[in-house]
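Reading the structure
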Amino acid sequence: MDERVEGNRAGWDLRALAHAGGASLYDVDGFRAGGSSLRPFELEALGDVRGKRLLHLMCHFGLDTLSWARLGAEVTGLDFSAAAISAARELADEVGLAARFVQADVYDAADVLEEQYDIVIATYGVLMWLPDLPEWARVVARLLRPGGVLFVGEFHPQQGQIDDDLRITSSYFRTQPREVQVTASYTGQELPTHTQTTWPWTISGLLNALIDAGLHINRLDEHPVDLRQRRPTMVPTPDGLWHLPGDPIPLLLTCRATRPLDR
C-alpha cells in the first residue's frame, strides 16, 4: 500500500509542476488577474465564508483554496505533494493572499494540524486516490468543529464505468484497485512515464462512510455537467462547464454533511 501511495505522490509532484506552470484548464493567469476557480454550486452550498476557518484537503497547488481566501475565508490547504504545496505558497505570495499550506498525507491531517475547522472541503478527482474511504471520513469528522460543514464535489463514479459511446465497460461495484501507466496529465501535458494506482468508490460507500463517522448528510446532488471536455461529444455550457447532449447520465456529484453539535 505504501509503495502505491508513494508512486501516486511522485506522479502528483509531476502534475503540480506542469499545472501550476501554465495548464490552460486551470487558467492561473485569470486567477492572477482577480478571477476565481470556484463553481456556482460550490458557492451556493457554502454561502458566505467570510471569517470562517476553511480547510481544503488534497488541495493540489491551491487555486481553489486561494479562491476561497479571496472570498474572505481563513484558509488552510493540505496535500501530500511537496511540489504542489511549494507552488501553492508561491501563488499565495504572488497574489498577496493570506493562506497556510501544509504538506502531509491526508490520513495524518488531524494529527498534523491539531485544530478544527468551520468548513472542510474535498473537491474533484480526490476520492479515487483514497485506499480507505471510511478512515478518511473519520479524519474529516475529527477536523470539523461541532456544527462544522464538509463539502465534497466529485466526478460521478459512473463516469469510470463507461467509454466515449456511453457503453458500460466495467462493474460499478468493482473492489480492486487499478494500476495504469501514465504518460500525460489530464490537462494534455506530457509527463515522464509513471504508474498510478486508484481505488474504486461508490456513492453509497461515500455516504455510509460519512454516516459511520458520525456526520449528518444534509444534501446530495447529481449534476449533468463536468469541469472539462472529457469526451468528444461533450459541448460547453454558458457558464464554462461541459455536458453531454440530452444529459443522459450524471457527471458530477456534490455532498454536504455536518458534524452534530453534540459530538
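Here the structure is a predicted model, which is why all the values come from computation and not from measurement.

Section: the overall build of the protein
From N to C terminus, the protein includes eight helices and eleven strands. Relative to the 2.2 N^0.38 estimate, which gives 18 Å for 263 residues, the radius of gyration of the protein is 18 Å and therefore close to what a compact globule would have. On the principal axes, the C-alpha backbone points of the protein span a range of 45 × 40 × 40 Å. Among the 263 residues that make up the protein, the fraction classed as buried is 51%. When the accessible surface of the protein is split by element, carbon and sulfur atoms take 50% of a total near 12,200 Å². Looking at charge distribution, the protein has the averaged site of its 24 positive side-chain charges lying 3 Å from that of its 36 negative ones.

Focus: the side chain of Ser-185
Relative to the assigned elements, Ser-185 resides in the loop between strand E6 (178-184) and strand E7 (190-198). Apart from the residues lying within four places of it in its own chain, the contact partners of Ser-185 are Arg-15, His-19 and Leu-191.

So, the pairing of strand E4 (residues 117-123)
Every other side chain in a regular strand lies on the same face of the sheet, so the side chains alternate between the two faces. Burial analysis of E4 places seven of its seven residues in the buried class, which makes it a mostly covered element. Both strand E1 (residues 53-57) and E4 contribute to a ladder of three bridges, which runs parallel. Note that in E4 the partner of His-56 across the bridge is Ile-121. In terms of strand pairing, E4 meets strand E5 (residues 144-155) through six bridges, oriented parallel. Bridging from a neighbouring strand, Ile-121 pairs with Phe-151 of E5. Between the parallel pair E4 and E5, the chain is carried across by helix H7 (residues 133-143), and the sense of this crossover is right-handed.

Quick look at the packing of aromatic side chains
Describing an aromatic ring pair means giving the distance of the ring centres and the angle of the ring planes. Counted according to the given criterion, the structure contains five aromatic pairs. With a centroid separation of 5.4 Å and an interplanar angle of 80°, the aromatic rings of Trp-12 and Trp-129 are classed as edge-to-face. Linking Trp-12 in helix H1 (residues 2-20) with Trp-129 in the loop between E4 and H7, this pair joins segments that are 117 residues apart in sequence. Relative accessible area serves as the criterion here: at 12%, Trp-129 is assigned to the buried category. Each residue in the set Trp-12, Trp-129 and Tyr-186 is aromatic and connected to the rest through ring pairs, giving one cluster.

Observations regarding unusual backbone geometry
The backbone of Glu-114 sits at a positive phi, close to 55°, despite the residue not being glycine. Among the structural elements, Glu-114 can be located in the loop between helix H6 (109-113) and E4. Although it is not a glycine, Asp-247 sits at a positive phi angle of roughly 50°. Here Asp-247 is to be found in the loop between strand E10 (242-243) and strand E11 (252-258).

Comments concerning the pattern of salt bridges
Using the criterion set out here, one finds 16 salt bridges in the structure. Its salt-bridge partner being Asp-165, residue Arg-167 comes within 3.3 Å of it at the nearest N-O pair. Assigned by exposure class, Arg-167 and Asp-165 land together as exposed. Overlapping salt bridges bring together Asp-29, Arg-32 and Glu-94 as one network.

Focus: the sheet that holds E1
Read from one edge of the open sheet, seven strands run E3-E2-E1-E4-E5-E11-E8, paired in mixed fashion. Two strands lie at the open edges of the sheet, namely strand E3 (100-103) and strand E8 (216-223), each paired on one side alone. Adjacent strand axes in the sheet meet at a mean angle of 15° when their direction is disregarded. Sheet analysis places E1 next to strand E2 (residues 74-79), joined by five bridges and oriented parallel. Its bridge partner being in E2, Leu-54 is matched across the sheet by Val-75.

Describing the packing of H7 against helix H8 (residues 203-212)
Packing of H7 against H8 brings their axes to within 8 Å, and their N-to-C directions diverge by 40°. Comparing their axes, H8 and H7 come out oblique. For the pair H7 and H8, the sense of crossing is right-handed. Residues Leu-133, Pro-134, Trp-136 and Ala-137 of H7 pack against Gly-205, Leu-206, Ala-209 and Leu-210 of H8.

Parameters at a glance
- Residues numbered from 1 in each chain as written.
- Predicted model: local features only at pLDDT ≥ 70, side-chain atom pairs only at ≥ 80, totals over all residues.
- Heavy atoms only, no water.
- Helix = DSSP H or I, 4+ residues; strand = E, 2+ residues; numbered from the N terminus.
- Rg over C-alpha atoms; globule rule 2.2 N^0.38 Å.
- Buried < 20%, exposed > 50% of the residue type's maximum accessible area, 1.4 Å probe, protein only.
- Areas by Shrake-Rupley, 256 points an atom, 1.4 Å probe, with all protein chains shown as cover.
- Lys, Arg positive; Asp, Glu negative; His and termini not counted.
- Charge placed at Lys NZ, Arg CZ, Asp CG, Glu CD.
- Contact = heavy atoms within 4.5 Å.
- Pairing = 2+ DSSP bridges.
- Right-handed = clockwise from strand over helix to strand, strands pointing away.
- Phe/Tyr/Trp six-rings, centres within 6.5 Å; stacked < 30°, edge-to-face > 60°.
- Salt bridge = Lys/Arg side-chain N within 4 Å of Asp/Glu carboxyl O.
- Axes fitted to C-alpha atoms, helices over the stretch in contact; angles between N-to-C directions.
- Parallel < 35°, antiparallel > 145°, perpendicular 65-115°, else oblique.
- Left-handed = near helix turned anticlockwise from the far one by under 90°.

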